[in-house]
Amino acid sequence: MKKFVALFYYQFLMSCRVPESIFFTIVLSPILFVIFGFAFHINADYAEFFLPGIIGSMVCSDALYAVGPVIKKYYSQNIIKYFQGYPVKMLYLFGGFIVARIIFVLFSMLLLMAVSYSIFDFSPSYGAFLRYVLGIILIFTIYSLIGLSISFWGLRDNKDQGIIGLYYMLSIFLSDAFFVLTKANAFFDIIGYAFPLRSVLDFMRGNPIGLLYSLGWVLVLVLVFVKILKKIKFIR
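In this text the structure is predicted, and so the values were computed from the model without any measurement.

What counts as what
- Residues numbered from 1 in each chain as written.
- Predicted model: local features only at pLDDT ≥ 70, side-chain atom pairs only at ≥ 80, totals over all residues.
- Heavy atoms only, no water.
- Core = buried A, V, L, I, M, F, W, Y, C linked by side-chain atoms within 4.5 Å.
- Buried < 20%, exposed > 50% of the residue type's maximum accessible area, 1.4 Å probe, protein only.
- Helix = DSSP H or I, 4+ residues; strand = E, 2+ residues; numbered from the N terminus.
- Contact = heavy atoms within 4.5 Å.
- Expected span 1.5 Å × (residues − 1).
- Arc of directions from axis to C-beta.
- Phe/Tyr/Trp six-rings, centres within 6.5 Å; stacked < 30°, edge-to-face > 60°.
- Axes fitted to C-alpha atoms, helices over the stretch in contact; angles between N-to-C directions.
- Left-handed = near helix turned anticlockwise from the far one by under 90°.
- Nonpolar A, V, L, I, M, F, W, Y, C, P; charged D, E, K, R; others polar.
- Salt bridge = Lys/Arg side-chain N within 4 Å of Asp/Glu carboxyl O.
- Polar contact = N/O pair within 3.5 Å; in protein donor to acceptor, adjacent residues only side chain to side chain.
- Parallel < 35°, antiparallel > 145°, perpendicular 65-115°, else oblique.

Visitor: Would you explain the nonpolar core in this entry?
Guide: Nonpolar side chains tend to gather and get buried jointly when the protein is soluble and globular. One finds F33, L51, I55 and Y143 to be the most contacted residues of the largest nonpolar core, which totals 51 residues. When contributions to this core are tallied by element, the ones reaching two or more residues are α3 (44-66), α6 (90-120), α7 (126-153), α8 (159-174), α10 (196-204) and α11 (209-230). Excluding anything up to four places from it in sequence, F33 contacts I42, F50, L51, I54, L112, V115, S116 and F120.

Visitor: Would you explain α11 in this entry?
Guide: Think of an α-helix as 3.6 residues a turn; residues three or four steps apart then line up on the same face. Taking 1.5 Å of rise per residue, the 22 residues of α11 would be expected to cover 32 Å, and the 32 Å separating its terminal C-alpha atoms lies within 8% of that figure. For α11, the complete set of buried residues consists of G210, S214, V218, L221 and F225. Seen end-on, α11 carries its buried residues on one side only, within an arc spanning 90°. Every exposed residue of α11 that faces more than 90 degrees away from the buried side is listed here: L212, Y213, L219, L223, K227 and K230. Where α11 is buried, its residues meet α7 and α10.

Visitor: Looking at this structure, I do not really get the packing of aromatic side chains. What am I missing?
Guide: Each pair of aromatic rings is reported with the distance of its centres and the angle of its planes. Under the criterion given, the structure shown has 12 aromatic pairs. The interplanar angle of 80° and the centroid separation of 6.4 Å between the aromatic rings of F36 and F50 together place this pair among those described as edge-to-face. Of this pair, F36 sits in helix α2 (residues 19-39) while F50 sits in helix α3, placing them 14 residues apart in sequence. Their ring planes at 75° and their centres at 6.2 Å tell us that Y65 and Y168 sit as a pair that is edge-to-face.

Visitor: How should I be thinking about α10 in this particular structure?
Guide: Counting buried residues along α10, 9 of its 9 residues qualify, which places the element largely inside the surrounding structure. Turning to α10, its buried residues number three or more, namely P196, L197, R198, S199, V200, L201, D202, F203 and M204. Residue G206 follows α10 closely and has a positive phi angle near 115°.

Visitor: How do you make sense of the packing of α3 against α7 when you look at a structure like this?
Guide: Axis angle and axis distance: for two packed helices, these are the angle between their axes and the distance between the axes, and together they describe the pair. Taken N-terminus to C-terminus, the directions of α3 and α7 make an angle of 35°; their axes are 8 Å apart at the nearest point. Of the two possible hands of crossing, α3 and α7 adopt the one that is right-handed. Contact residues: E48, L51, P52, I55, G56, V59, C60, D62, A63 and L64 in α3; Y132, I136, I139, F140, Y143, S144, I146 and G147 in α7. For the contact of α3 with α7, a count of residues per class yields 13 nonpolar, 3 polar and 2 charged.

Visitor: Help me understand the pattern of salt bridges in this model?
Guide: Opposite charge on two side chains lets them pair, provided their charged atoms get close. For the coordinates displayed, the defined rule picks out 3 salt bridges. For the salt bridge of R198 with D176, the shortest nitrogen-to-oxygen distance reads 3.8 Å. With R198 in helix α10 and D176 in the loop between α8 and α9 (186-191), the pair connects residues that are 22 residues apart, well separated along the chain. The pair formed by R198 and D176 is uniform in burial state, with each residue classed as buried. As a salt-bridge pair, D189 and R198 come within 2.7 Å of each other at their nearest N and O atoms. Each member of the salt-bridge network shares a partner with another, and the members are D176, D189 and R198.

Visitor: Help me understand the side chain of R198 in this model?
Guide: Residue classification places R198 among the buried positions, given a relative accessible area of 3%. Of the polar contacts made by the side chain of R198, one reaches the side chain of D189; its length is 2.7 Å. Sequence-distant contacts of R198, defined by excluding residues within four places in its chain, comprise L174, S175, D176, T182, F188, D189, G192 and Y193.

Visitor: How should the packing of α7 against α11 be read in this particular structure?
Guide: Axis separation between α7 and α11 bottoms out at 9 Å; the angle between their running directions is 25°. Viewed along their axes, α7 and α11 adopt a mutual orientation that is roughly parallel. The chirality of how α7 crosses α11 is left-handed. Seen from α7, the contacting residues are L134, L138, T141, I142, L145, I146, L148, S149 and F152; seen from α11, they are L211, S214, L215, W217, V218, L221, V222, V224, F225, I228 and L229.

Visitor: Explanation requested: unusual backbone geometry in the structure shown.
Guide: Leave glycine aside and you will find that most residues have negative phi; peptide bonds, for their part, are mostly trans. Residues other than glycine seldom take positive phi values, yet D121 does so here, at roughly 60°. Tracing the chain through its elements places D121 in the loop between α6 and α7. Among the residues examined, D121 registers a relative accessible area of 59% and is labelled exposed. Although it is not a glycine, D176 sits at a positive phi angle of roughly 60°. A relative accessible area of 6% means that D176 is categorised as buried.

Shown next as C-alpha cells:
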C-alpha cells in the first residue's frame, strides 16, 4: 500500500508540473461552462440538466486522451520494458497514474459545482452529488477502456488519433450532453445509445436504469479490451 501511495504522489506531482494538463482538465471546463451558460441563457432549471453534461464531457475527454494514447506511447517507445525492471508491480504504476487523473477530474467537478451555484443559482442535492461522483468513475472507466481499445488497435500507426477525435465529438453531441439533440429526430434518439456517455448521463440526471446500462457497458468493454490485448505481442 505504501508503494502505491508513493507512486500516486509521484504521478500527481508530475501532472501538476504540466501546465497543459492543469489547464485542460481543471481550468478549461469551468470557462466553457460560463461561456455556454451565457450563450444558452442557462437558468437554475437548465443548469440541473447542463451541469452533468459538462462534467461528463470533461471526464470523457480526459479518459480518451490521457489514458489510451499515453499507455500506447509507453508501449511504442518500449517504456513498458523499462517499467518491468521496477521493484513494484506494473498494476501499481498504472493504478497511480489513473487515480491521479481521477483526483484532477473530481477537483474540476467541484469547481464546476461552484460556478453553477455562484452564477446560475443551482446547487445539486447530496444524492445528485453522489451520482455525479459515481458517474465520473463510470465514464472514466468506460472511456479509458474505449481509448485503450482504439489505441491498441492502431498500435503500429497513428490511425487511432482521428478515430478517437471523431468518437469524442459524436459522444458529446449524440449523448445529450449540452442540449437534447436526440429528441429532434428519432434516428438520433436510437443511435445515441450506441455511445456509453448517454447511459451514464441518464443516471447522473436521476434515471436509475442508466446505471444498469452503464455497468453493462463496463462488462462488454472489459471483454473487448481483453480480447484485443491477447492479440498484442509486447516487446520484451
